[in-house]
Structure formats: C-alpha cells, structure tokens
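# Report on the structure
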Amino acid sequence: MSIDVRRRLAAAGFVALLILAVFWPSPVVSINLLCCNAPLAVDDLSFLGREAPSWDVIFWCIAGVFLIAMLQTGDYAWRDFGQLAEALREVRPRGGWKLAAGAIASAVIVAAVWRFADAPAIAAAERLKNDAVEDAIRIVNRFGGGMNPALIAGFFAVAGVVYRTRRWVGYAVRMAAAGLAAGLLAQLAKALVGRSRPEIWLGPFHFSYGEASSFPSGHTVGAFALAGVLLFGSRSLPLRVAALLLATAVGL
C-alpha cells in the first residue's frame, strides 16, 4: 500500500475520530438509554475535555488506538519528529502595511456591525430560538472549543511526520502558534471591550452583567485561527472550503 493511500486512510479515520469527539459522550448516553438506564455523571449536554474526565478516558483510549495505528503504518524514524522544532523556527510574525490596513479595516467593520447590526442580530437570534437550533449550535460550537482544536493540530503534527508530509507538519506548528496568539489577543480584547453576554432564555435583550466577556467569542477566534492556516496555506480546495465552512458555522 503506497504512503499516499495510507495518508488518505489516516485522514478519513481522523475525520471519524473528530466527529466522535464532537458528539462525545452522546454515544455512551445513547447506549445506556437503550440497554441499561444506569445513573451517569454525563448527559447529552456534556462534552469532551470539560466535564466528567473519567468518562473521557474511554474516548482517549479510542484515540490512542488510532494513534498507534498511524505509528504502525507510517514510514519514519523517531528522529523525524525533530521536524516539528524545525518548522517552529520557521514561524515568523508578519508585519507591514498590509497587516496594519487589515487591522484597521477589521476594526471599522466591527464598529459598523456593532452600531447598525447588533440589536437586529440579537432580535433575530431570539426569534430563531428553538430546541432544534440550540442542538445544532451546541454541536457545531464544539469544533471551536474543548479539546477539538488541539486534536486537529495534533493530527497534522503526527500524520505529517509518520507519512512524510512536510506541509502537514507546517500546518500543525502554525495552528499551534496561531491558536496561542489568537487566544491571548482574544482575552485582551475581552478585558478591553467588556461586552455583556446575552442570555436569550431570560427574555428579549436580557444580559448577564456579571460576565462581561462575550466579545470576541473565544470559540470563533480559535476556529478561525486554525482555519486561517489552511485557507492561506493549503493547496487543497476541499480542505480550504471545509475549514472556512466550519469556522463560519462556529461564528454563527
């Protein structure tokens, strides 16, 4: 079996693992409802990396089996993991007038949206609120939070080394750097902006004034930090489109 085929199989397997991570621990809860009805410390609102770590062990065992399978089917030497350090040394922050112009344009757009579209957007969200929409948002939102961004970067790092795909190694390192930088900037912006968090279930235009940290959304920032690496660095159109769609869904 060629290394290209093995790489494609690993990518397909990771997509399945990522879907399982997004829905975790729903499979456990569903199986329990079908056969056991035992009291559990988790439910459909729980998610990976945030609640009931003892139940997450089951998922990490599955992920470990997948990791071992990749290592067994790869074509590498252990010293090849030094590529990660080499790729990290190649990461350089970029400046210049394009970055400055982009930052200014982004600030203007955000200000315009806040001034003219903020209230209509919240009103539209309140009109759309129902159980089906909440379930869909809860699932999509997980792509930008919990352990899933780390899983994505980790897959590109390991698969890039074991299947000798240097560009995947570059994706992994840039995702880690972008995610860390974006997270720090998001926390700084939250402190400066002090945006109250809308609590739609309390009624129209009620806010949780004790949590003035809703802008920018950490999940959205994280999702676009990772997606941006693929949008500007990947040669695969389907991968770029998938990254953009997932990040946009998290933002919505």
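Attention in this report is confined to the structure presented alongside it. (Residues numbered from 1 in each chain as written. Predicted model: local features only at pLDDT ≥ 70, side-chain atom pairs only at ≥ 80, totals over all residues. Heavy atoms only, no water.)

With that settled, consider the overall build of the protein. Of the regular secondary structure elements, the protein holds 11 helices and 2 strands. Along the protein, from the amino end to the carboxyl end, the secondary structure elements read α-α-α-α-α-α-α-α-α-β-β-α-α. Dimensions of the protein, computed from the C-alpha atoms along their principal axes, are close to 60 × 60 × 30 Å. Counting all 252 residues of the protein, 31% fall into the buried class. Considering only contacts in the protein between residues 6 or more positions apart, those separated by 24 or more positions represent 65%. (Helix = DSSP H or I, 4+ residues; strand = E, 2+ residues; numbered from the N terminus. Buried < 20%, exposed > 50% of the residue type's maximum accessible area, 1.4 Å probe, protein only. Contact = heavy atoms within 4.5 Å.)

Scanning the entire structure with this criterion turns up 4 salt bridges. Asp 75 is the salt-bridge partner of Arg 164, the closest N and O atoms lying 3.8 Å from each other. With Arg 164 in the loop between α8 (148–162) and α9 (166–193) and Asp 75 in the loop between α3 (53–73) and α4 (83–90), this pair connects stretches of sequence that are 89 residues apart. A residue is classified by how much of its surface remains accessible, and Asp 75, at 38% relative accessible area, is partly exposed. (Salt bridge = Lys/Arg side-chain N within 4 Å of Asp/Glu carboxyl O.)

Attention shifts here to the nonpolar core. Ranked by size, the top nonpolar core spans 38 residues in total, and within it Phe 14, Phe 59, Met 70, Ile 152, Phe 155, Phe 156 and Met 175 carry the most contacts. Looking at this core, the elements that each hand over two or more residues are α1 (3–23), α3, α8, α9, α10 (218–233) and α11 (237–251). When residues in this core are grouped by element, the largest group, 9 residues, is from α8. Residues in contact with Met 175, not counting those within four places in the same chain, are Ile 152, Ala 153, Phe 156, Leu 226, Val 229 and Leu 230. (Core = buried A, V, L, I, M, F, W, Y, C linked by side-chain atoms within 4.5 Å.)

As for its position among the elements, Ala 105 is in helix α5 (residues 97–116). Given the relative accessible area of 37%, Ala 105 is considered partly exposed.

Right, let's get into the packing of α10 against α11. Where α10 meets α11, the closest approach of the two axes is 9 Å, and the angle between their N-to-C directions is 170 degrees. When the axis of α10 is compared with that of α11, the two are roughly antiparallel. Each of His 219, Thr 220, Ala 223, Phe 224, Ala 227, Leu 230 and Leu 231 in α10 lies in contact with α11, whose residues at this interface are Leu 239, Arg 240, Ala 243, Leu 244, Ala 247, Thr 248, Val 250 and Gly 251. By residue class, the composition of the contact of α10 with α11 is 10 nonpolar, 4 polar and 1 charged. (Axes fitted to C-alpha atoms, helices over the stretch in contact; angles between N-to-C directions. Parallel < 35°, antiparallel > 145°, perpendicular 65-115°, else oblique. Nonpolar A, V, L, I, M, F, W, Y, C, P; charged D, E, K, R; others polar.)

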